[in-house]
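# A closer look at the structure
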Amino acid sequence: MPLRSHIVVVGAGAFGGWSALYLLRQGYSVTLVDAWGPGNSRASSGDETRVIRSTYGSNEVYFDFNVRALTLWKENEGLFQKKLFFNTGVLWFCYEDKTPLVDDSIPYAKKHGMEYEKLNHEELTKRFPFVHTDDLHHAYFDSFGGYLKAREACQAVCEQFVKEGGEYIQAHVEPGAIDHQQLNRIKLSNGQSLQGDLYLFACGSWLGKIFPDILQQVITCTKQEVYYFGVPSQHAAAFDAFPVWIDVDGKDFYYGIAGNAHRGFKVGVDIRGEAFDPTQGERMVTPGVLAKARNFLVHRFPLLKDAPLLESRVCPYENSPDGNFIFEVHPEASNIFLLGGGSGHGFKHGPAVGEMVAQVIAGKITPPGIFRRVL
């Protein structure tokens, strides 16, 4: 795509917002459109915080993407004049002598000079005395990770995009007709239409609804719940300083973020929930899911036995069949690019994905093969 061409990006979440910003920086004229606004409460990129960690087992592509994303998060923070990355570290609770999700990443951590610290049972108990460790074999501490402000980051990216010369429109989008392998225009809910040379749809959980013929069975949405619990006042400082934690027992999968700008002790449920409609679905707690999460919380952090639930959120996951991101051309229109499949781990990679998209469209690189999919 020649520079100065007009590119329309639909979706101002983690993938769409960053892609619009880096396409603009690449030299394109860019219009960004979103139905409810960046960081809105329906989106997968909403909520207060997201984890940033490099650990991906033997998958070096995502490790490398995280390293690049971490660099870009830090670089852009200065431009945004807003603190978005909090380097609390990430603590992995491991039940067995070997935990492939962590152990298989160790060679890449060494390669990038980002080695993990292994804590045996005694060291773990001594450093974090309010963690119940009897069922744990050891832990790994990744000092380079932490958490990101999610909702605020999406808003900051959009604000910077406009500041650098991009155009932002809040409107619902419907694709127009495809004629001779080209999408001619998109229709906006404000009654207008918008024409571009190329269209990038990064609509998260809505991708399957916008292109049902090719994506309805590829992009699915599930209901994922997160809870914010109140910590005892006498231990508040200790809990606020606690690192991001991930519990990998192989059966259930919980993670948490302490601090959260004093919102409470966040506990997330990472096992896939029930099918969910991101537009009409009500953001209500599922009693059984909450009960299991609370039981786990009390087990792992006994001091939180009587912790009240302060807030809850539903953060819809936009899932691909294998959990890999999708970056592909529409099979019937060569000027439609489809970007999605965040699958619950995409947010942290946003700036690296946006940079990649801009470089691919400019003809400078080819995307990783695992992002390509026959549609």
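The text that follows walks through the structure, step by step, so that each part is easy to find. Residue positions are given per chain, counting from 1 as you read along its sequence in written order. At least 70 in pLDDT is required for a residue's local features to be given in this predicted model, at least 80 for side-chain atom pairs to be given and counted, and no such filter applies to totals for whole chains, interfaces and linings, which use all residues. Hydrogen atoms and water are omitted, and side-chain values are computed over all heavy atoms in the structure.

### Focus: the packing of helix H1 (residues 14-26) against helix H11 (residues 350-361)
This is how it is decided: Lines fitted to C-alpha atoms define the axes here, with helix axes fitted over just the stretch in contact, and angles between the N-to-C directions of these axes take values from 0 to 180 degrees. A helix here means a DSSP run of H or I that spans at least four residues, while a strand means a run of E at least two residues long, and both kinds are numbered starting from the N terminus. Our angle categories are set so that under 35 degrees counts as roughly parallel, over 145 as roughly antiparallel, 65 to 115 as roughly perpendicular, and the remainder as oblique. Left-handed is the label given to a crossing in which the near helix is rotated counterclockwise from the far helix by less than a right angle, and right-handed is the label when the rotation is clockwise. Any two residues whose heavy atoms approach within 4.5 Å at even a single point are treated as in contact. In this classification, Asp, Glu, Lys and Arg are treated as charged, Ala, Val, Leu, Ile, Met, Phe, Trp, Tyr, Cys and Pro as nonpolar, and every other residue, Gly included, as polar.
Relative orientation of the contacting elements H1 and H11 amounts to 45°, with a least axis distance of 7 Å. Classified by the angle between their axes, H1 and H11 sit oblique to one another. Handedness of the H1/H11 crossing: right-handed. Residues Ala14, Phe15, Trp18, Ser19, Tyr22, Leu23 and Gln26 of H1 lie in contact with H11, whose contacting residues are Gly350, Pro351, Val353, Gly354, Glu355, Val357, Ala358, Gln359 and Ile361. Looking at side-chain class alone, the contact of H1 with H11 contains ten nonpolar, five polar and one charged residues.

### Details of H1
Going by this rule: A helix is expected to span 1.5 Å multiplied by its residue count minus one. Burial classes follow relative accessibility: with a 1.4 Å probe on protein chains only, a residue under 20% of its type's maximum area counts as buried, one over 50% as exposed, and anything between as partly exposed.
Taking 1.5 Å per residue as the helical rise, H1 with its 13 residues ought to reach 18 Å, and the 18 Å between its terminal C-alpha atoms agrees with that figure. Burial analysis of H1 places twelve of its 13 residues in the buried class, the great majority of the element. Listing the buried residues of H1 in full gives Ala14, Phe15, Gly16, Gly17, Trp18, Ser19, Ala20, Leu21, Tyr22, Leu23, Leu24 and Gln26. Residue Gly27 follows H1 closely and has a positive phi angle near 115°.

### Side note on the side chain of Ser45
Inclusion rule: Whenever two N or O atoms come within 3.5 Å, that pair is a polar contact, provided that in protein one can donate a hydrogen and the other can accept it, and provided that, for residues adjacent in sequence, both atoms are side-chain atoms.
Looking at the secondary structure, you find Ser45 in the loop between strand E2 (29-34) and strand E3 (49-52). Owing to a relative accessible area of 9%, Ser45 belongs among the buried residues under this scheme. A distance of 2.9 Å separates a polar side-chain atom of Ser45 from the backbone nitrogen of Ala14. With near-sequence residues (within four places) excluded, Ser45 lies in contact with Gly13, Ala14, Gly39, Arg50, Ala150, Arg151, Cys154 and Phe347.

These results come straight from atomic positions and should not be treated as a statement about function.
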